[in-house]
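Structural characterization, general
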Amino acid sequence: RITSALTGTSYSYSLVPTGGVSSYTYTLKSGSSLPSGLSLSSGRISGTVSNSVATGDTTFIITIKDSRNASRDVTITLPVTKPISIATTSLGSTSIGSAYSLTLVGNGGSGSYTWTVAPLPSGITINGSSGVISSANVSSDAVTQNVVVTLTDSNGTSDSKTMRLSIVAGVPNAPETPTATAGNKQVTLTWNDPVTKSGVTVTYYIINFVKPKGEHDDDGEGDEEQNGSYQVNGTEHTYTVTGLNNG
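Residues numbered from 1 in each chain as written. Predicted model: local features only at pLDDT ≥ 70, side-chain atom pairs only at ≥ 80, totals over all residues. Heavy atoms only, no water.

**Notes on the sheet that holds strand β13 (residues 125-126)**
The condition that has to hold: Any two strands with at least two DSSP-identified bridges between them are counted as paired. A run of H or I in DSSP counts as a helix once it spans at least four residues, and a run of E counts as a strand once it spans at least two, with each numbered from the N terminus.
Strand order in the open sheet made by the three strands is β10-β14-β13, with antiparallel pairing throughout. Every other strand in the sheet has two partners, leaving β10 (100-103) and β13 as the edge strands with one partner each.

**Let's talk about the nonpolar core**
Basically, it comes down to this: What makes a nonpolar core is a set of buried Ala, Val, Leu, Ile, Met, Phe, Trp, Tyr and Cys residues whose side-chain atoms join them at distances within 4.5 Å. Burial classes: relative accessible area under 20% of the type maximum marks a residue as buried, over 50% as exposed, and values in between as partly exposed (1.4 Å probe, protein chains only).
Counting residues in each nonpolar core, the largest one holds 18 residues, and the members touching the most others are L91, Y100, L104, I133 and V149. Elements with a minimum of two residues in this core: β10, β12 (114-118), β15 (143-152) and β16 (158-168). Listed in part, the 16 residues of the second largest apolar core include I2, Y26, L38 and I76.

**Regarding the confidence of the model for the chain**
The line we're drawing: What pLDDT reports is the predictor's confidence in each residue, on a scale of 0 through 100. Note on contacts: a residue pair is in contact if any heavy atoms of the two residues lie within 4.5 Å.
The predicted model of the chain has a mean per-residue pLDDT of 82, with 75% of residues at 70 or higher. Across residues 240-247, where pLDDT falls below 50, the model places 18 contacts with residues more than four positions away in sequence or in other chains.

**Considering the sheet that holds strand β7 (residues 71-81)**
Hydrogen bonding along the main chain pairs the strands of a sheet, whether they run parallel or antiparallel. Reading across the sheet, the four strands line up as β1-β7-β6-β3 and stay open at both edges, with mixed pairing between neighbours. Taken across any chain shown, the strands that pair with only one partner, and hence form the sheet edges, are β1 (5-6) and β3 (25-28). Looking at chain direction, strand β6 (residues 56-65) and β7 are connected through 10 bridges and run antiparallel. Within β7, the residue paired with T59 across the bridge is T77.

**Let's talk about the side chain of T94**
In this fold, T94 is placed in strand β9 (residues 93-95). Beyond its immediate chain neighbours, meaning those up to four positions away, T94 contacts A99, Y100, V138, S166, I167 and V168.

**Some remarks on unusual backbone geometry**
Geometrically, the link from S22 to S23 is a cis peptide bond, its omega value of 5 degrees lying close to zero. Relative to the elements of secondary structure, S23 occurs in the loop between β2 (10-14) and β3. For the bond from A118 to P119, the omega torsion is -10 degrees, close enough to zero to count as cis. Unlike most non-glycine residues, N69 shows phi in positive territory, near 70 degrees.

**Digging into the packing of aromatic side chains**
What counts here: Classification of ring pairs uses Phe, Tyr and Trp, with its six-membered ring standing for Trp, and accepts pairs whose centres are within 6.5 Å; under 30 degrees between planes counts as stacked, over 60 as edge-to-face, and the remaining range as tilted.
Using the criterion set out here, one finds one aromatic pair in the structure. Summarising the aromatic geometry, the rings of Y113 and W115 are spaced 6.4 Å apart at their centres and angled 85 degrees between planes, so their arrangement reads as edge-to-face. The exposure class of Y113 is partly exposed, given its relative accessible area of 23%. The class for W115 is buried, based on a relative accessible area of 4%.

Here it is, written out as structure tokens:
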């Protein structure tokens, strides 16, 4: 078994015989063939393996003959692999307080993979063997940053890519225990801040009132109904308040 060759990459390997009497001649045994793109000359296998060559082990037989015509057939196994590459193109985005998981994908190379990603935002980790980037609860501040992803195989060959990872502020939950209290021609609204704010600060609330069709004027007769809503980051919550006169 000799050094592996990468498709589309130049390759060279020199055979070193032992025993016999120099000099030596080398020929491919009838029926044997080298991977497409390689040739044998003076004990040296060289060339560029064609991209069309399938990955895996290629076996061939070379006959070595010394100056006394003593010969020996040597069976050689040449592993062929694709160049290592990172297939993943983006790390996507996640929000503060959310879970995040992404599995990096690699191609080519040989043996096992080792992944590194740096720098990662606080609270996000990488499993170097599986290529899983994850966090059960993203705790980093909102940020968009470039990180370098590197994939290395068992032979030490590697590929690197720079990708962008975005962490955005999440949408807070709805306010807690909203209450409407009727007063003299007015309504008092109260509520508590949401317990889960997803890493953002609720800076203001929006309350929209809509006068229903057919509502009575405030003339002391009948009832008065007022519809309203409050919004938090685009999520609307509605309520209805009904005021009764003394009649």
